[in-house]
Amino acid sequence: MKSNIYGASNLQFLNSEAPADIADIYSSAQRLIAGELKNRSRSFSEDDFAELSHLYDDLKEVPYNDFIDLDFPRFTLTPHEYDWLKCHEEEIWVDYLMYRYKFKVYPVRQKIGAFPVHLCIEPTSACNLRCVMCFQVDKSFSGDKKYMGVMPWELFTSVVDQAAENKCHAITLASRGEPTLHKRFGDMLLYIHDKGILDIKINTNATRFTEKLCHDILTAEVATVTLSVDACTKETYENIRVKGNFDEVHNNIKMFNDIREKHYPNHRTSTRIAGVAVEDTQSPEEMEEFWSEYVDHVTIRQEIPRWDSYGNAMFQKENICKLLYERIYVWYDGTCNPCDFDYKSLLAFGDATKESLRDIWSGDKYQQLRDKHTNKQRSCVVPCDRCPF
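Everything quoted here is computed from the prediction, not taken from an experiment.

## Digging into the overall build of the chain
Across its full length, the chain carries 13 helices and 13 strands. The C-alpha radius of gyration computed for the chain amounts to 20 Å, which stays within 12% of the reference 21 Å derived for 389 residues, consistent with globular compactness. In terms of overall dimensions, the chain has a C-alpha envelope of 55 × 50 × 40 Å along the principal axes. Put simply, the chain has 389 residues, and 56% of those count as buried. Counting contacts in the chain only where the partners sit at least 6 residues apart, residues at least 24 apart contribute 73% of the total. When the accessible surface of the chain is totalled, it reaches about 16,600 Å², and 47% of it is carbon and sulfur. On the chain, the mean spot of the 47 positive side-chain charges and the mean spot of the 61 negative ones are 4 Å from each other.

## Regarding helix α13 (residues 364–374)
Of all the positions in α13, only Tyr366, Leu369, Arg370 and His373 are classed as buried. Angularly, the buried residues of α13 cover 100 degrees about the axis, an arc narrow enough to put them on a single face. Among the exposed residues of α13, those oriented more than 90 degrees off its buried face are Asp364 and Lys365. Against β11 (327–330) and α12 (357–361) lie the buried residues of α13. Residue Lys376 follows α13 closely and has a positive phi angle near 60 degrees.

## Some remarks on the pairing of strand β3 (residues 118–121)
On β3, burial covers both faces: His118 and Cys120 on one face and Leu119 and Ile121 on the other are all buried. Summarising the sheet, β3 and β11 pair through four bridges and their orientation is parallel. Bridged to Leu119 within β11 is Ile328. Where β3 lies against strand β5 (residues 170–173), three bridges are found, and the strand directions are parallel. Its bridge partner lying in β5, Cys120 is registered against Thr172.

## A closer look at helix α6 (residues 153–165)
Here α6 spans 18 Å end to end across 13 residues, near enough to the 18 Å set by a 1.5 Å rise per residue. Taken together, the buried positions of α6 are Leu155, Phe156, Thr157, Val159, Val160, Gln162 and Ala163. Those residues of α6 that are buried are in contact with β3, β5, α7 (185–194), β11 and α12. Trailing α6 by a residue or two, Lys167 shows a phi angle of about 55 degrees, which is positive.

## Quick look at the sheet that holds strand β13 (residues 350–351)
Ordered in space as β10-β9-β7-β6-β5-β3-β11-β12-β13, the nine strands form an open sheet in which the pairing is mixed. Lying at the two open borders of the sheet, with one neighbouring strand each, are β10 (297–302) and β13. For strand β7 (residues 224–227) and strand β9 (residues 270–277), the ladder comprises four bridges, and the chain directions are parallel. When the sheet's bridge partners are listed, Val225 is paired in β9 with Thr271. Set on the sheet, helix α4 (residues 93–109) makes contact with β3, β5, β6 (199–204) and β11; between it and β6 the angle comes to about 55 degrees. In the packing of α6 onto the sheet, the strands contacted are β3, β5 and β11, and the crossing angle to β3 comes to about 170 degrees.

## Here's the deal with the pattern of salt bridges
Considering all chains together, one arrives at 29 salt bridges under this definition. Taking the shortest distance from any N to any O, the salt bridge between Lys344 and Asp138 comes out at 3.9 Å. With Lys344 in the loop between β12 (335–337) and β13 and Asp138 in the loop between β4 (130–131) and α5 (139–142), the pair connects residues that are 206 residues apart, well separated along the chain. Of the residues examined, Asp138 reaches a relative accessible area of 13% and is grouped as buried. Salt-bridge contacts for Asp161 lead to Lys195; the nearest nitrogen and oxygen are separated by 3.3 Å. Note that Asp161 is positioned in helix α6 and Lys195 in the loop between α7 and β6, a separation of 34 residues in sequence. Relative accessible area serves as the criterion here: at 22%, Asp161 is assigned to the partly exposed category. For Lys195, a relative accessible area of 37% gives the class partly exposed. Sharing partners across several salt bridges, the network here consists of Asp47, Glu51, Arg109 and Lys111.

The rules behind each value
Residues numbered from 1 in each chain as written. Predicted model: local features only at pLDDT ≥ 70, side-chain atom pairs only at ≥ 80, totals over all residues. Heavy atoms only, no water. Helix = DSSP H or I, 4+ residues; strand = E, 2+ residues; numbered from the N terminus. Rg over C-alpha atoms; globule rule 2.2 N^0.38 Å. Buried < 20%, exposed > 50% of the residue type's maximum accessible area, 1.4 Å probe, protein only. Contact = heavy atoms within 4.5 Å. Areas by Shrake-Rupley, 256 points an atom, 1.4 Å probe, with all protein chains shown as cover. Lys, Arg positive; Asp, Glu negative; His and termini not counted. Charge placed at Lys NZ, Arg CZ, Asp CG, Glu CD. Arc of directions from axis to C-beta. Pairing = 2+ DSSP bridges. Expected span 1.5 Å × (residues − 1). Axes fitted to C-alpha atoms, helices over the stretch in contact; angles between N-to-C directions. Salt bridge = Lys/Arg side-chain N within 4 Å of Asp/Glu carboxyl O.

Set out below in structure tokens:
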């Protein structure tokens, strides 16, 4: 494997350089936050205003970074925030930056807000591919009907409504399956957009793109379209993304880019190729050269062994999982889980069809899992004891 492979706790944007106008972005962000600290026009709590002051200090002191380091204890702008800020009106920058501050800093400090900073909603647990590094190749999961299903519309709208009511600004449609397989996926995106969620993200293998879906994604102002592609040659791609067709995916990504550039000149959607390093034939440099014609960013990171999370050797790690302080995964049937490494839900701590997400987030069962991590008892928890990160 060639260079430029980052570990799973970091996200590298290949060949990323500080934008020419980054100083102006920093200056505007500081000005807006200083104004908010002085005028207090938003309905922030006292704790939020204290955090806003910390955010202001970080923006003054911490430089732009070309990769996301989730272990860094202070807030820094990266390509993710820059892409968002440059195409949104300043009136909502403070709300967005506060959310990004909590997303990055709360997990490092093990701070728990009243509601998750981020919701990962699973439209469906099924997938049309069998990628070599994915738990979909575990037939005891993908071949068992009790794990397979599609999220009902009523549950979906309930979850999104709760996010909006609790000022949760980040929703990702993804998780264990391929989200575009849901027949109402476009409607889902538009519903989230209409609820005022600031940061919508989708993870997709791009096998099911149609012209209509491309328009739905762009109309819904999805902030980030993450495209799960690991190579720039047919042979390597299809060796990894089993059942995938490289030519079809290539054409779909070109189609999306063409529609974006032709019909949405003022679009707010950033695209990113997100590769997983599993074979020696993969080249980050070649991926960057090939895909940068069609997408805004190209990333690649080391694979996480999760095609059989429960059969992994124990890692005996004592570090605290940051996801426990940042997100909830809501499966298609309402099951709430801390992560998709635990794809069979051994760690499930709630049911969104019976409880509010707010109660689940602060409930005893989730807190017990956090306590085990903070008390260095992670090795007593399956499959946390088998997760390398």
